[in-house]
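Summary of structural features
Listed here are the chains, written in short residue letters.
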Amino acid sequence: MNQRQRYDELVSVIDYHMNRYYNEDAPEITDYEYDQLMLELKQMEKEHPEWITPESPTQKIGGSTKREAGVEVVHNVPMLSIRDVFTKQEVADWINEVLRMHPDAGFCVEEKIDGLSMSLRYQDGVLVMAETRGDGLVGEDVTQNARVIPSVKKELDVPGYLELRGEVYMAHADFDRFNEEQEEAGKKPAANPRNLAAGTLRQLDSKIVRKRKLNMFVFNVQDARDTGTDLMASHTRGLGALEEKGVSTVRHTFCRNEKEVLEAIDAIGESRGQLAYDIDGAVVKIDQIAYRTDFPAGSKYSAGHIAYKYPPEEKEVIIDKIEVNVGRTGKMTFRAIFREPVRLCGTNVQKATLHNADFIQKMGISEGCRAICRKQGEIIPAIVRVTQKTPDAYCPPAACPVCGSHLVRDPDTSDIYCVNPSCPAQLKRTLAYFVGKDAMDIKYFGSKYIDSLAELGYVRSIPDIYTLHEHRDELIEKGILGKEKNTDKILAAIEASKKNDADRLLTGLAIRNVGRISARQIMKHYDSLWDLANAEMEELVQLPDVGEITARAIYDFCRDENNQKMLRRLTELGVNTEAPKEKKQSEALAGLTIVVTGTLEQFGRKEIVAFIEENGGKCTGSVSKKTNYLVAGENAGSKLDKAVSLGIPVLTEQELIDMCKK
C-alpha cells in the first residue's frame with residue numbers, strides 16, 4: 001500500500017469512527033486508538049497539504065478543529081431586514097399597490113420564525129460557507145457549527161453556485177430540556193429559545209451546538225448561478241424545488257389576492273399555539289422575484305416583502321385556584337387555575353404560570369380575582385395584570401405541600417425550596433443523583449432501574465437503596481433489575497458503595513451548591529459527616545470556598561429533622577460517614593488552583609486530581625482568572641485556548657510532577 005492509499009484508508013476509517021462516536025454514541029475503539037489514527041492523518045497532511053479537502057476529518061466537525069471566534073464575512077447578497085406592519089389595513093394597502101403595478105402578481109405568505117438569520121453558500125453541491133446576518137452587510141463565519149445542524153444540508157444536488165437564507169431556531173422541547181439541565185446543575189436558565197439559539201450558533205465548540213439541537217428553515221434563495229434550473233423566477237416554485245431535494249423550508253402558502261393573503265395570515269395566527277417553535281409574525285412576499293425591485297423599501301429593508309406582526313392576544317379570566325407544585329429540584333412552582341378555559345392563540349388555556357410568591361403578592365393575585373391572561377412569546381400563558389382584586393391577599397405555604405417539610409427561601413432570588421431529599425416530588429431525581437458517577441458511583445444502577453423501583457415502592461428514600469438486598473428474590477422474579485446475574489451485580493455494587501469516602505456521601509445528599517469538588521474540600525476539615533452536621537453557621541462560613549449561601553444550605557439541611565433521620569438510618573445500614581485522614585505528600589501546590597485538560601501519560605483523570613490535592617493544591621474543572629496553572633496533555637482543547645487568552649501559565653504533566661519534587 002502506497003502513502004496515498006494509506007491516507008485514503010485513514011480518512012475512511014476515521015470518518016466511520018467519528019460517526020460511531022458523535023452521531024451514534026456507540027464508539028468501537030478507545031479515545032487513545034482514535035487519537036493515534038488522527039495523529040497519523042495530521043502528519044500525512046503536514047507532508048502533503050495538497051491532499052487536504054473540506055471533508056477531511058481534520059477539517060470538519062467531529063475532528064479536532066473548532067470554529068474561530070470573530071472571523072468576519074462580507075455577504076455576497078446583503079442580509080437585510082423586513083419592514084414591519086401592524087394592521088391588516090397596511091397589508092391590504094401594500095398588496096393593492098403591488099397589484100396596481102403588476103396585476104398578475106402572486107404572493108407567498110409564510111411563518112416568520114423567531115430565530116436568527118443564516119446564509120448558506122453551496123458550490124457545485126457542497127456547503128462551503130455559513131454566515132450569520134451581523135449588520136446585514138458583514139456577518140460571522142459559523143460554517144463549522146452549521147455542519148452539525150441536522151436540517152442543514154451538507155451536500156445538495158444542485159450544480160453551480162447557490163446561496164440560501166434561512167432562520168436558525170430552537171424547538172420548544174429542546175429549549176425546555178436545556179433549562180431543566182441548567183436547573184438541575186444549579187445554573188441560570190436561558191431566557192427564551194431565540195436568545196439561546198443565537199448564543200449556541202456562536203459557540204466555539206461545535207459539540208455544544210450538536211448537543212443543544214438547533215434547526216433551520218430556509219426561506220429564501222439569495223442567489224443561483226449555473227444551477228441548471230431557474231430557482232429565482234417564482235419564490236414558491238423555488239422553495240418547492242428545494243423541498244424535493246430534501247431542504248427544510250419555512251411553512252408557506254401561495255396566494256393570488258388580498259382576501260387569500262389575509263386568510264393565510266389568520267391561519268398562521270390561529271396555529272401559533274400548536275407549533276413546536278416560536279414565530280413572531282407572518283411574512284408576505286411578492287412571488288415573482290423580478291417584480292420585487294419595483295418596490296424598494298430603503299437601504300435597511302429588503303424589497304418586495306413586508307412582515308405582519310400579530311397583536312398580543314389577551315383574555316380576562318377568573319383565577320379559581322393558585323396551585324403549588326414541587327419541581328424536580330425541590331423548587332416551589334405556582335400556577336393559576338382558571339374557573340373557565342379561554343381561547344388564546346388557537347388553543348384552550350386554563351392554566352397560567354405565576355413565577356413565584358413575590359410575583360403573586362406584587363401583582364395582587366389571589367383566588368377569586370379577575371385578571372388578564374396573555375401568551376408570552378405566543379407560547380406560555382401568563383398573567384399580566386389584575387382587573388378586579390379580592391379582599392384576601394395570597395399567603396404562600398410555609399411547608400412543602402407534598403412532604404410537609406419546612407421550606408427554605410433562596411436569599412439571592414424569590415424562589416422557595418423543599419430541602420427534603422426524600423420528598424416524593426423529587427425522589428427520582430434525588431436517587432438518580434445519589435447513585436450517579438459524581439456521588440456514590442454505584443455501577444450498573446441506571447435511572448431506568450431507579451424509576452421502576454420508585455414507581456413500585458421499593459425505594460421511598462435514599463436509605464431504601466441499602467435495603468434492596470432484602471427483596472432480592474422478588475426483584476429477580478419480577479425482572480425489575482434484570483435477571484439473576486444482573487440483579488446480583490447491582491446489589492453487590494450497592495454493598496461496595498458503603499465503603500466510599502464520606503465526601504461522596506455528602507455529594508450524594510444533593511445539598512444546594514455542594515457538588516463533587518466542594519464536598520471533597522469541605523470534608524478535609526471534618527473527621528466525619530456527623531461533625532459537619534453539628535457545625536454552627538459561624539464555623540461553616542469560615543471554610544475555604546464556602547460562602548454564606550452555601551453555609552446556610554448546609555446548616556438548614558443538617559438541622560432538618562427528616563434529614564437527620566435519614567443520616568442516622570444510613571449510618572445504621574453501614575454506610576461510611578468517616579473522613580479518611582488526609583495524607584499530603586507535600587505542600588508544594590498549597591494555595592494553587594489547577595485545571596487539567598487533554599490526555600496524560602502517567603495519570604488518569606482521578607489520579608491526577610488526587611495527586612494535586614495530596615500536594616496541597618486544588619483541582620477545578622474550568623479555567624478562570626482564579627486559575628494559577630493549566631496542565632495540558634495530548635489533544636488539549638478549548639481550556640488551553642482560554643488559558644492562553646487569560647495569560648495563565650501552561651504546564652506539561654512532567655513539569656507539574658517536578659514542581660512537587662522540589
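Residues numbered from 1 in each chain as written. Predicted model: local features only at pLDDT ≥ 70, side-chain atom pairs only at ≥ 80, totals over all residues. Heavy atoms only, no water.

What follows is about the overall build of the protein chain. Summing up its helical and strand segments, the protein chain has 23 helices and 22 strands in all. Oriented by its inertia axes, the alpha-carbon framework of the protein chain measures out at about 85 × 85 × 55 Å. Sorting the 662 residues of the protein chain into buried and exposed places 48% on the buried side. Contacts spanning at least 24 positions in sequence make up 67% of the contacts within the protein chain whose residues lie at least 6 apart. Charged side chains in the protein chain number 89 positive and 104 negative. The centres of these two groups are separated by 2 Å. (Helix = DSSP H or I, 4+ residues; strand = E, 2+ residues; numbered from the N terminus. Buried < 20%, exposed > 50% of the residue type's maximum accessible area, 1.4 Å probe, protein only. Contact = heavy atoms within 4.5 Å. Lys, Arg positive; Asp, Glu negative; His and termini not counted. Charge placed at Lys NZ, Arg CZ, Asp CG, Glu CD.)

Where charged atoms from two side chains of opposite charge come close, those side chains can pair. Evaluated as defined, the whole model comprises 33 salt bridges. Of the charged contacts, one joins Lys88 and Asp266 as a salt bridge, the two residues approaching to 2.7 Å between their closest N and O atoms. Note that Lys88 is positioned in helix 3 (residues 88–101) and Asp266 in helix 9 (residues 258–271), a separation of 178 residues in sequence. Here Lys112 and Asp280 are joined by a salt bridge, their closest N and O atoms 3.5 Å apart. Residue Lys112 is found in strand 3 (residues 107–113), and its partner Asp280 is found in strand 10 (residues 279–286); the two are separated by 168 residues along the sequence. Look at the salt bridges and you will find they share partners, linking Arg472, Asp473, Glu484 and Asp488 into a network. (Salt bridge = Lys/Arg side-chain N within 4 Å of Asp/Glu carboxyl O.)

Further remarks concern the layout of surface pockets. Reported here for the second largest pocket is a volume of approximately 880 Å³. Lining of the second largest pocket is provided by 39 residues; of these, Leu80, Ser81, Ile82, Arg165 and Ser302 occupy positions nearest its centre. Where the lining of the second largest pocket is concerned, the elements lending two or more residues are strand 3, strand 4 (116–123), strand 7 (161–169), helix 6 (193–201), strand 8 (215–225) and strand 10. Residues of the lining of the second largest pocket, tallied by class, amount to 16 nonpolar, 9 polar and 14 charged. (1 Å grid on protein atoms, 1.4 Å probe; cavity = no way out; pocket = protein on both sides within 12 Å on 5 of 7 lines; lining within 4 Å. Points joined across faces, edges and corners; volume = space filled by probe spheres on them. Nonpolar A, V, L, I, M, F, W, Y, C, P; charged D, E, K, R; others polar.)

With that settled, the discussion passes to the environment of Pro312. With respect to the helices and strands, Pro312 occurs in the loop between strand 11 (305–308) and strand 12 (314–326). Judged by relative accessible area, which is 54%, Pro312 ranks as exposed.

Attention now moves to empty space enclosed by the protein. This structure, assessed with the given rule, holds 3 cavities of 30 Å³ or more. Approximately 110 Å³ is the volume found for the largest cavity. A total of 5 residues in the lining of the largest cavity trace back to one element, the largest contributor, which is helix 19 (residues 548–559). Partitioned by chemical class, the residues of the lining of the largest cavity number 7 nonpolar, no polar and 5 charged.

Moving on to the packing of aromatic side chains. Across all of its chains, the model carries 9 aromatic pairs by this definition. Aromatic side chains Tyr7 and Trp51 sit 5.2 Å apart centroid to centroid with 50° between the ring planes, which places their arrangement in the tilted category. Of the two residues, Tyr7 sits in helix 1 (residues 3–23) while Trp51 sits in the loop between helix 2 (31–47) and strand 1 (72–74), which places them 44 residues apart along the sequence. Every member of this aromatic cluster is reached through a ring pair, and the members are Tyr169, Phe217 and Tyr277. Just above the ring of Tyr310 sits the side chain of Arg272; from NZ or CZ to the centre is 4.4 Å. One Lys or Arg, Lys489, reaches over the ring of Tyr444 and ends 4.4 Å from the middle of that ring. (Phe/Tyr/Trp six-rings, centres within 6.5 Å; stacked < 30°, edge-to-face > 60°. Lys NZ or Arg CZ within 6 Å of the ring centre and 35° of its normal.)

Mapped onto the elements, Leu453 comes out in helix 12 (residues 447–455). On the basis of relative accessible area, Leu453 is assigned to the buried category, the value being 0%. The sequence separation of Leu453 and Ser117 amounts to 336 residues, and the corresponding C-alpha distance is 47 Å. Setting aside residues up to four positions removed in sequence, Leu453 forms contacts with Phe445, Tyr458, Val459, Leu468, Leu475, Ile480 and Leu481.

With a phi close to 65°, His355 is a non-glycine residue in the positive phi region. Checked against the element boundaries, His355 lands in the loop between strand 14 (347–353) and helix 10 (357–363). In this structure, Asp441 takes a positive phi of about 50° despite not being glycine. If you trace the backbone, Asp441 turns up in the loop between helix 11 (427–435) and helix 12.

Spatial strand order, 2-11-10-3-9: 5 strands in an open sheet with mixed pairing. Here the strands that pair on one side only, and so sit at the sheet edges, are strand 2 (84–85) and strand 9 (252–255). The sheet contact formed by strand 2 and strand 11 spans 2 bridges and is parallel. The partner of Asp84 across the bridge, within strand 11, is Ala307. With respect to the sheet, helix 3 is in contact with strand 2, strand 3, strand 10 and strand 11, its orientation differing from that of strand 11 by roughly 165°. Relative to strand 3, helix 9 is tilted by about 20°, and along the sheet it contacts strand 3, strand 9, strand 10 and strand 11. (Pairing = 2+ DSSP bridges. Axes fitted to C-alpha atoms, helices over the stretch in contact; angles between N-to-C directions.)

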